[in-house]
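Inside the fold
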2 protein chains.
Amino acid sequence: MSSVGIERDHSSPAGLIIRQKEPTNLEMPFDQLGSYLTPTELFYIRSHFQAPQIDTSNYRLRIDGAVTRPLALSYEELRKMPSETRIATLECAGNGRVFLVPQVRGAQWELGAVGNAEWRGVPLRALLERAGLEDAACEVVFEGADHGVPAEEPKPPLPISYARSLSCAKALQPEVLIAYEMNGRDLSRDHGFPVRAIVPGHYGMASVKWLTRIQAVRQPFQGYWQTSDYGYWDFLDGKPVRRPLTEMKLKSAIARPSVYETLLPDRMYTVFGAAWAGETVAAEIAVSTDGGKTWAEAQFLDPAHRYAWRRWKFDWPTPKEPGRYTLLARAKDADGAAQPDEHDWNYGTYVISHLLPIEVIVEDLACPET
Amino acid sequence: MSSVGIERDHSSPAGLIIRQKEPTNLEMPFDQLGSYLTPTELFYIRSHFQAPQIDTSNYRLRIDGAVTRPLALSYEELRKMPSETRIATLECAGNGRVFLVPQVRGAQWELGAVGNAEWRGVPLRALLERAGLEDAACEVVFEGADHGVPAEEPKPPLPISYARSLSCAKALQPEVLIAYEMNGRDLSRDHGFPVRAIVPGHYGMASVKWLTRIQAVRQPFQGYWQTSDYGYWDFLDGKPVRRPLTEMKLKSAIARPSVYETLLPDRMYTVFGAAWAGETVAAEIAVSTDGGKTWAEAQFLDPAHRYAWRRWKFDWPTPKEPGRYTLLARAKDADGAAQPDEHDWNYGTYVISHLLPIEVIVEDLACPET
């Protein structure tokens, strides 16, 4: 991993890192981690196709399929319904991919395809109740207005709309929103204007942007982004079976220092980062400055709220001895389960939640006395 | 398509065409199509991994999962059960791949990854009755003794056994056999010795070789060879969904002449081929010798038996005019549905059942009089 030669998006004041220009895929420089809520202009952008331009006067959100009262809501109608806010961390399922050895294909995300924001919208549950979700429904499919031919095989030959399903069990939980605001303002086009799903606890691919349809289905949906992409190998009675990615795994990441940063010897340096999880919370955080031989407890800076990250810090008296040091952070959840040491390749190029080494150089930059 | 530079397997007297040496993938030179039953030494071989060597004294066929009386049958016990024979055409789902434009990856099968043989074994239905298939079962998974890491993404990182599922509806049909003989002799190692599944009407990938386990399951099996490989895109309410390949599509193929063969002008040439289908039969066959502009009826040489091919012939008075001529064969099923003109790319590199052109040269090879 290296930040050498990265290209910044100078149209954004925050200088997001460009991973792909078209469609727009931008990463937060994770060493800029600061506030609990990530400013919208620093929030990573993950797009599969060109961002659609949607006119709210024509916009309709269809809710249909296995429901007794299909709906087609205008933007105004949606905004008139009782709304709620949720703070939720979204992480791209491929965040940290650049750490994988051997190198793999796909956007080479470093650490910053993650952010924490406040979202406002209508709980999906309220919409499904209004539409009369049938008992026979097992999932709802979110469909976006973005479309194209996907990149990887096996793929359908013609353009398709981005679509992902959610189990009814999760869809009916109060945290899931059909959102139209991010951090107190209307969604920006790149973040899904006018309406997107927000699925707290799941990787970002579940929070479908430019949402135009919610379709209840009676059979599990086997769409492209459930099977070919955003899938993993689970084991059923010893045999691998393909399943869609859903819940985020427990993870912690070091924002500062960044990789190959040079630190002065024999000073107090505050290591700073964040930790998050899916349906659980990061309950403990520890840091190692010797590549994992020894560990010390770090301090959380934020309370434990499900679905939101917790920033943490660790005051490190840097060594007197110059050299290379490898920093690691390791979170544990409320049940004491810790992040794994190694990547699980059953997840392919996704779910990079193992311990990610940050190597730094301790060196006295002052001129030697002569 | 061209046969130039093909490599033959000289260890087999019939000279099968080598598509891949390891694992063994051999094709019948389709211009050698002769008898109704394809001789075993001419029958194509499709392997995913190295052929396992199985000692029948240790062999057990496990039947378990959603059954009330799990079984583990020895080879002798299986052979003592009442047996039946079935004539069935097996076709590799990728047969004809070399005809696809643009060219695609995968073994470049020409026309000969298809054959018709007589199989002997125990009806699967009898085994499932003996094991007490539960009502809750929806599929049975056939598992082979062959294993390895599959070639194409998305794939699991560690070796897995070849496995494919079959709906219970099909598994309980009388035609499905757990077979141990092919054309009156014990299965050869390359054809699945000692025991394989035979699923008449389905592409060859369903007829799992080196069968060691039949597991009844209560949920559709999402294994590698159902999703990543041997899958296709179906459309549900406009959205593509991934489904496993099953039934063979109606198809006809010209065995003689072969591509770029030179024929004499103004003679009677007998065009010869075969036609087959999945759960229906080839009921009509027509031939065009002008690239599809005009069609004439050809004659079947075999009766219509479900699951077995029908050879056919067409007597063509070759043109007086030298030149290039494009031959096509087109089958219709009992409902009058015909083979399509073009490949359906929702099947990716499989199900090549459209009209396949055979271009020939009509030329007088005699020395011109001077």
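Residues numbered from 1 in each chain as written. Chains lettered and ligands numbered in written order. Predicted model: local features only at pLDDT ≥ 70, side-chain atom pairs only at ≥ 80, totals over all residues. Heavy atoms only, no water.

Focus: the pairing of strand β20 (residues 282–288) of chain A
Residue and element names in this part refer to chain A. Stated formally: Categorising residues by exposure relies on relative accessible area from a 1.4 Å probe, with only protein chains included: less than 20% of the type maximum marks a residue as buried, more than 50% marks it as exposed, and the intermediate range marks it as partly exposed. A helix here means a DSSP run of H or I that spans at least four residues, while a strand means a run of E at least two residues long, and both kinds are numbered starting from the N terminus. Two strands are said to pair when DSSP picks up at least two bridges between them.
The buried fraction of β20 is high, at 5 of 7 residues. Judged from the 6 bridges that link them, β20 and strand β24 (residues 323–333) form a sheet pairing that is antiparallel. Residue pairing in the sheet places Val 287 in a bridge with Ala 329 of β24. In this sheet, strand β21 (residues 296–297) lies alongside β20 in antiparallel orientation, the contact comprising 2 bridges. Across the sheet, residue Val 287 finds its bridge partner in β21, namely Ala 296.

Considerations on the relation of the copies chain A and chain B
To keep things clear, this is the line we draw: Residues below a pLDDT of 70 in either copy are left out; the C-alpha atoms of the rest, at least 70 in both, set the least-squares superposition of the copies. Note on definitions: a residue-residue contact is assigned when non-hydrogen atoms from the two residues lie within 4.5 Å.
In screw terms, the move from chain A to chain B is a rotation of 180 degrees and a rise of 0.0 Å along the axis, fitting with an RMSD of 0.0 Å. Viewed as a symmetry operation, the transformation between the two copies matches a two-fold axis. Most of the interface of chain A is mirrored in chain B, where 100% of its interface residues again form contacts.

Considerations on the side chain of A:Arg213
We apply this condition: By the criterion applied in these results, polar contacts are pairs of N or O atoms within 3.5 Å in which, for protein atoms, one can donate a hydrogen and the other can accept it, and in which residues neighboring in sequence qualify only through two side-chain atoms.
With respect to the element layout, A:Arg213 can be found in strand β14 (residues 211–217). Take A:Arg213: its relative accessible area is 8%, and that puts it in the buried class. Here A:Asp64 takes part through its side chain, which lies 3.1 Å from a polar atom of the side chain of A:Arg213. With residues near it in sequence (within four places) discarded, A:Arg213 still touches A:Leu61, A:Arg62, A:Asp64, A:Val141, A:Phe142, A:Glu143, B:Asp237 and B:Lys239.

Details of the confidence of the model for chain A
Residue and element names in this part refer to chain A. Our working rule: Confidence of the prediction at every residue is given by pLDDT, a number between 0 and 100.
On average, residues of chain A carry a pLDDT of 95, and 95% of them reach 70 or more. With pLDDT under 50 throughout, residues 1–5 is counted as low confidence; its partners more than four residues away or in other chains account for 7 contacts. The complex model carries a pTM of 0.90, and its ipTM stands at 0.85.

Things to note about the sheet that holds β14(A)
All names here are of chain A. Put simply, the test is: The angle between two axes is taken between their N-to-C directions and runs from 0 to 180 degrees, where each axis is a line fitted to C-alpha atoms and a helix contributes only its stretch in contact.
Read from one edge of the open sheet, 5 strands run β6-β5-β14-β9-β10, paired in mixed fashion. Pairing within the sheet leaves two strands with one partner each, and these edge strands are β6 (71–74) and β10 (160–167). Between one strand axis and the next, the sheet turns through 20 degrees on average, direction left out of account. Pairing analysis gives 7 bridges linking strand β9 (residues 139–148) to β10, with the strands arranged antiparallel. If you follow Phe 142 over to β10, its bridge partner there is Arg 164. Helix α2 (residues 124–131) rests against β5 (60–65), β6, β9 and β14 of the sheet, and its axis sits at about 130 degrees to β6.

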